[in-house]
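Residue-level structure breakdown
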Amino acid sequence: MSDCVFCNIIEGKIPSVPVYENEHIIAFKDINPQAPTHLLIVPRKHIPTTMDIVEGDMKDIIPEIFAAVKHLAGQFNLEQGGFRVVNNCGKDGGQTVDHLHFHLLGGRQLTWPPG
Ligand code: 5GP
Ligand code: ZN
């Protein structure tokens, strides 16, 4: 989608700092980090929200998301201290980019509940 910021990152039209990629997903650093490590794990396919995930995505894409989480937790030395994976869905969930993504946050003590 031409007006989607993450599609534009995936197509290389907007610069990013990629940290992991494969056939189905890409991960890059968040432009406005909320923790020492703040990465975004994003399917290459334009899926607007969690509610738009279809059966084929469950097989092809969702497992890759969590494989990337584990890989990146190792790459960024988060295994021992721990980390948080967040998906904001829709307006009340605080989603601001309408292309499915998972935040991976770590490197500091995170608090709960979120705002
Ligand atoms: P959301 O609020 O939708 O869950 O998260 C969107 C995230 O995308 C935010 O944390 C925001 O900082 C990040 N973001 C928005 N625009 C860009 C961009 O152009 N580049 C990168 N790397 N991150 C972005
Ligand atoms: Zn998109």
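Summarised in this report is the structure supplied together with it. These numbers were taken from a predicted model, which means no experiment stands behind them. (Residues numbered from 1 in each chain as written. Chains lettered and ligands numbered in written order. Predicted model: local features only at pLDDT ≥ 70, side-chain atom pairs only at ≥ 80, totals over all residues. Heavy atoms only, no water.)

**Quick look at the site of ligand 1**
- Near ligand 1 there are 16 residues, and of these K29, D30, N88, T96 and H103 occur at the shortest range.
- Between K29 and ligand 1, the recorded distance is 2.8 Å, taken from a backbone N or O atom to a nitrogen atom.
- Elements that contribute at least two residues to the shell around ligand 1 include exactly α1 (5-10) and β2 (25-29).
- With 3 residues, α1 is the largest single contributor of residues to the shell around ligand 1. (Near = heavy atom within 4 Å. Polar contact = N/O pair within 3.5 Å; in protein donor to acceptor, adjacent residues only side chain to side chain. Helix = DSSP H or I, 4+ residues; strand = E, 2+ residues; numbered from the N terminus.)

**Some remarks on the environment of D30**
- Within the secondary structure, D30 sits in the loop between β2 and β3 (37-43).
- In this structure D30 comes out as buried when scored by relative accessible area, which is 15%.
- Spatially, the C-alpha atoms of D30 and V86 are 13 Å apart, while their sequence positions differ by 56 residues.
- Here D30 is in contact with H38, L39, L40 and H103, once residues within four sequence places are set aside.
- Within the structure, the side chain of D30 is placed 2.8 Å from the backbone nitrogen of N32, a separation counted as a polar contact. (Buried < 20%, exposed > 50% of the residue type's maximum accessible area, 1.4 Å probe, protein only. Contact = heavy atoms within 4.5 Å.)

**Quick word on the layout of surface pockets**
- Taken as a whole, the largest pocket holds about 760 Å³ of empty space.
- For the largest pocket, the lining is made up of 32 residues, of which D30, Q34, H38, N88 and H103 are closest to its centre.
- Counting residues per element, the lining of the largest pocket draws most heavily on α1, which supplies 3 residues.
- A per-class count over the lining of the largest pocket returns 16 nonpolar, 12 polar and 4 charged. (1 Å grid on protein atoms, 1.4 Å probe; cavity = no way out; pocket = protein on both sides within 12 Å on 5 of 7 lines; lining within 4 Å. Points joined across faces, edges and corners; volume = space filled by probe spheres on them. Nonpolar A, V, L, I, M, F, W, Y, C, P; charged D, E, K, R; others polar.)

**Quick look at the pairing of β2**
- In terms of burial, β2 is a largely internal element, 4 of the 5 residues being buried.
- Direction of pairing for strand β1 (residues 18-21) relative to β2: antiparallel, over a ladder of 3 bridges. Residue pairing in the sheet places Y20 in a bridge with A27 of β2.
- Between β1 and β2, which pair antiparallel one after the other, the connecting turn spans 3 residues. (Pairing = 2+ DSSP bridges.)

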